[in-house]
Amino acid sequence: MDTSITKYAIEDSFPIVEINRLAIPERNAFKPIYQMHKWFARRASCVFRAILLGCMKPLPLDDKGNPLKSGAEIIMEEFYKDHTNDPDTKGKVILDPFMGGGTTVVEALRLGCKVIGIDLNPVAWFIVKTEVEPVDIDELKASFRRLSERKVTWGEKSVKETLLEQYKTECPCCGAGREEADIIYTFWVKSAICTNPLCKKEIPLFSDYIIANKSPSIRYSPDVECPECGKSFDWEIESASLIAEPGLCVVSSTYSAGIGRTTARWAFSTDNEVECPWCHKQVKAKAKIPKPKRKKVPLTVLLCPHCYNVWQWRGDLPEEVNCPVCKKRYIPKTGNIPKSGWFLCPSCGHTDRIINSIRSLPEDKLLPMRPYAIEGYCKVCAGDVYEDIDSQQINLDGTHSKRRTKNPKLADHPCLITKNNGKFFKRVTPADLARYQRACEIWQKEKGNLPYPKQKIPWGEKTKSGLIAHHYLYWHQMFNPRQLLCLSTLLKAIDEEQDQALKEMLLCAFSNSLNDNNMFCRFAQPRNHLVGVFARHDFQPKADPLEGNVWGGKFGHGQFSNYWNSIIKGKQFIEKPYDTGQVSQIHGTSRDKIECEGELKCISSTRIYSDDEKTNFVITDPPYAGNVNYSELSEFFYVWIRLILAKTYKIFAPELTPKSEEIIENPTRGKTSKDFENGLIQVFKECYRMLHMNGLFAFTFHHAEGAAWEALLRAICNANFAIQSVFPIHSESENSLHLMGKKSISYDLIHICKKRQEMSNQQQVTNKRSWAGIRQEIRRKAREEIKAIEAGRYGNDPLSPADVNIILIGKCLELYSRYYGAIVDHEGNEVKLKDALEEIRMMVDQLVTTEQPLPSELADIDPESYVYLTCLCDRKEVKSDDVHKATRGILEPDSLIKAGIMIKGRAGRGRSYEVKQPLERFHALLEKFNPPKQEQQSLFGELNPQKTKSKVYFIDYVHLLMALAEGGENVVPWLERFRGETPRLRAACEYLMSRNKGFTSSLKKILGLIDIGPLFNTR
Ligand SMILES: C[S@@+](CC[C@H](N)C(=O)[O-])C[C@H]1O[C@@H](n2cnc3c(N)ncnc32)[C@H](O)[C@@H]1O
Ligand SMILES: [Zn+2]
Ligand SMILES: [Zn+2]
Ligand SMILES: [Zn+2]
Ligand SMILES: [Zn+2]
Ligand SMILES: [Zn+2]
């Protein structure tokens, strides 16, 4: 390491505003390489590119050691440059002990670094490996062709044809007798069995009977006048329909003309004649016809709960409708689910929780399920059938070139779905059921020869309620037999690929497509597409699952062929990487080209073992308490891919993912928050051991209310690192941050740490530092930083107050963490991180608050009293959701409850806190200030040796006096007793007077007595 470098860019500052701006679009659409496979809670890569550059780029200093530029400036200057031959980055060793989906690994490789990427989870390891593995794009494409054409083991046709064949249906417009249209989605519904013992009927669990909603935009001529009757109407020249059967398209008698056309009547014709909707005479198109415009027409696809027909309503949907087939009346918006998780039996009126119905089934039985609708695609109706016709153009070689034109016969096609791209919703017919049934039969026959997971689902935090309680006992039960047949057939064919690297690419696409090909997916409105099982980080069972098309045709989400395209795009990205915000996305051809250097390990980072390698920088994203259950969730993929990978890699030999060494909070596995903290300490210690003396340790960590951040900070300190700075990154735009009201902001914090010299116990004793002294230093440092921020250290764009707050807390933590373990209070006791953090938050709040600051006499009060005075004194109640906002995040509610300032609200079932009034605290305060007699204490002391005298907060003095004054008791002796506090008490009383009118009379009393205090002295 270059010893002349004294500082790196990131040690000075970070381009917070710029990187936030880049992170927002990136979180919505990850760069192609990060879309090759789902990983939970991926981070925006621009954050890591900026951290890496900030760690490796030196901060240029003048002769006096002052920076010539700010770190933030340097990072942004470097951000879009090509670093292929940058000596500052090339060959530097970067360690990520929690690589997850590989953000650090990929971004570091792009900068020419050598990477050591580690994750305990084999799925993560596999994902990162496929991301960075070099493969030839042409060979990749060839492997896919080979796979498509490979013959299946149980039939005559190729994999592609066989899989597509499982999802065919008859087009209701043009397909009579021929099942040639593709099924995009199959809609399923589970049924509960009525738990009323006298009923026991099956109740389909529809929450409503609306299948889809859409308002397509069509062309029309407004206000065409009928020459016969003189009335005007909209002449529509484009059709709008989501179903293919005109007979099932019902038009509302009112408000059906479209959005903004309220009461207009309308008629549709593409000819030059149309029937007037008023007098029903034919109207011819003449020159007078107004120029066409566009309008949106609201359409709703409905299911009839009586006859299971699928039909369409045009116009605003009324409360009740009549089925056009069976003519029965029903309420389309009300199904059999009165509230989430409950059913209502339409036969007997009984209502119960769905889970109770499941419990009444034998343990190995799932709720019955049946398909009730299909979304299909007909290429003929879409006009996607091309005919080659000779064009007039003559080529150089004398031939006529062929021109492709859309299906010329479409003009006389009767259907209305062309504008819907040939997509339609339809009912499930006996032929559809028979096709599904055939797939099930083949599966029963062939499953012995096909690879699929047979493991039981282990009991876990995420599996016990989502899966096991719902009787999903085996992983394969998350799929229906048709999905199992297609997936296992595909997997078997992938395994036949000879080239291991290409096989793994195919497997990666396969694994990713599992996301969307299981019975835990659902149809999401209003966008009308499939949403996969991991839209949330759990296994939430669905009452109305959606089945996709495993191989996939032209439309639909989550198909294998789409996921394969993601692999190709990911690999193309490696060849021409780019960053969000770049003018042209395809920058030069060679910029930051990835070359694979380093190693990926699948082990626990609590014991890395290797010590030959010295690491320049550790850059990572540690797990966040119990937020994401990586090992439990990824098992869903693991059980499938190990069927192939176990043959090649030892780490895939076990039946299930490794869990015992996972760093996480997980009650079902008995992993507490302490275990989480200890795990982090162990890994951080390994990082310490691997890191160069001058190296930096940088990582992101989610910041939310609660103790996880504290645990993390403690872990850093305990592993002998000192925090240098903390930078906030968030997903809201700066603008909305400034406007943000109640909502608490979710932050990722970037922590920059350095190695602290290890101190012996002896040194710790001799190097004791007083907290009071450090607090002075902290204040000074924070003031300096405020000045630097104002002078533009973080760029020209203003930081939001919340951002400034966090940066300042980080700067304050620097001093605390530098002397960690050696800081003592005035009684010589070690100052714990929790207490220091509270005081730091309070000090920062004092420095940045402009509205009604506390009088200077109160600068050094305890954080609890500070929060009471500045935030709570004029409130009686705080909603739980607002408590952090209300207390400005200085303290956790628990600290305030412990101090007796607040209690959990009785109203609203604990969803609020009550701020205690002085009189309500009277009894408790008396006890505090007049502790029980000595002998009593020792009596209790023996029984309860832990019991220590409770801490006295500054606000206790004030409240006791107020309570006495309010209750008409004598305040004077107490004023005498608190004499040393007189100036602070007076300041507090005056301050409170200005904040809370309700306190005026008691405060006046006290103030009057304080001022004449000495008079009484003489008594
Ligand atoms: C927050 S994720 C990393 C996410 C990553 N930054 C990304 O963008 O995808 C944390 C990772 O830590 C891993 N992990 C948990 N315990 C571990 C351990 N003992 N050793 C190594 N990795 C561990 C988890 O498997 C998970 O992938
Ligand atoms: Zn058709
Ligand atoms: Zn007319
Ligand atoms: Zn009906
Ligand atoms: Zn019933
Ligand atoms: Zn048609």
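For the structure, check the block above.
Let me begin by describing the structure that accompanies this report.

Considerations on the overall build of the protein chain
- Scanning the protein chain from N- to C-terminus turns up 33 helices and 36 strands.
- Within the span of the protein chain, comprising 1019 residues, buried residues form 54% of the whole.
- Counting only contacts in the protein chain whose residues sit at least 6 apart along the sequence, the fraction spanning at least 24 positions is 72%.
- For the protein chain, the accessible area works out to roughly 45600 Å², and carbon and sulfur atoms hold 50% of it.

Digging into helix H15 (residues 560-575)
- Counted at 1.5 Å a residue, the expected span for H15 with its 16 residues is 22 Å, and the 23 Å between its end C-alpha atoms agrees.
- For H15, the complete set of buried residues consists of Phe560, Ser561, Tyr563, Trp564, Ser566, Ile567, Ile568, Gly570, Lys571, Phe573 and Ile574.
- On its buried face, H15 sits against helix H5 (103-110), helix H6 (122-132), helix H7 (137-149), helix H13 (481-495) and helix H14 (500-514).

Comments concerning the packing of aromatic side chains
- Following the criterion strictly, the structure yields 53 aromatic pairs and no others.
- Centre to centre, the rings of Trp39 and Phe40 are 5.3 Å apart; their planes meet at 55°, and the pair counts as tilted.
- Of the residues examined, Trp39 reaches a relative accessible area of 6% and is grouped as buried.
- Relative to Tyr649, the ring of Trp125 has its centre 5.0 Å away and its plane inclined at 70°; by these criteria the two rings are edge-to-face. Residue Trp125 is found in helix H6, and its partner Tyr649 is found in the loop between helix H16 (630-645) and helix H17 (673-690); the two are separated by 524 residues along the sequence.
- Residue class for Trp125 comes out buried when judged on its relative accessible area of 9%.
- On the basis of relative accessibility, which here comes to 18%, the residue Tyr649 falls in the buried class.
- In this structure an aromatic cluster arises from ring pairing among Trp39, Phe40, Trp475, Phe479, Phe510, Phe534, Phe539, Tyr630, Phe636, Phe637 and Trp640.
- Directly above the ring of Tyr688 sits Lys755, whose terminal nitrogen or CZ lies 4.4 Å from the centroid.

Looking at the environment of Ser817
- Mapping Ser817 onto the fold places it in helix H22 (residues 801-818).
- For the pair Ser817 and Asn718, spaced 99 residues apart in sequence, the C-alpha to C-alpha distance is 9.4 Å.
- When near neighbours in sequence (up to four residues on either side) are disregarded, Ser817 contacts Cys717, Ala722, Ile723 and Arg756.
- Only 2.8 Å separates the side chain of Ser817 from the backbone nitrogen of Ile723, close enough to count as a polar contact.

Parameters and conventions
- Residues numbered from 1 in each chain as written.
- Chains lettered and ligands numbered in written order.
- Predicted model: local features only at pLDDT ≥ 70, side-chain atom pairs only at ≥ 80, totals over all residues.
- Heavy atoms only, no water.
- Helix = DSSP H or I, 4+ residues; strand = E, 2+ residues; numbered from the N terminus.
- Buried < 20%, exposed > 50% of the residue type's maximum accessible area, 1.4 Å probe, protein only.
- Contact = heavy atoms within 4.5 Å.
- Areas by Shrake-Rupley, 256 points an atom, 1.4 Å probe, with all protein chains shown as cover.
- Expected span 1.5 Å × (residues − 1).
- Phe/Tyr/Trp six-rings, centres within 6.5 Å; stacked < 30°, edge-to-face > 60°.
- Lys NZ or Arg CZ within 6 Å of the ring centre and 35° of its normal.
- Polar contact = N/O pair within 3.5 Å; in protein donor to acceptor, adjacent residues only side chain to side chain.

Any functional reading would require information beyond the geometric quantities listed.
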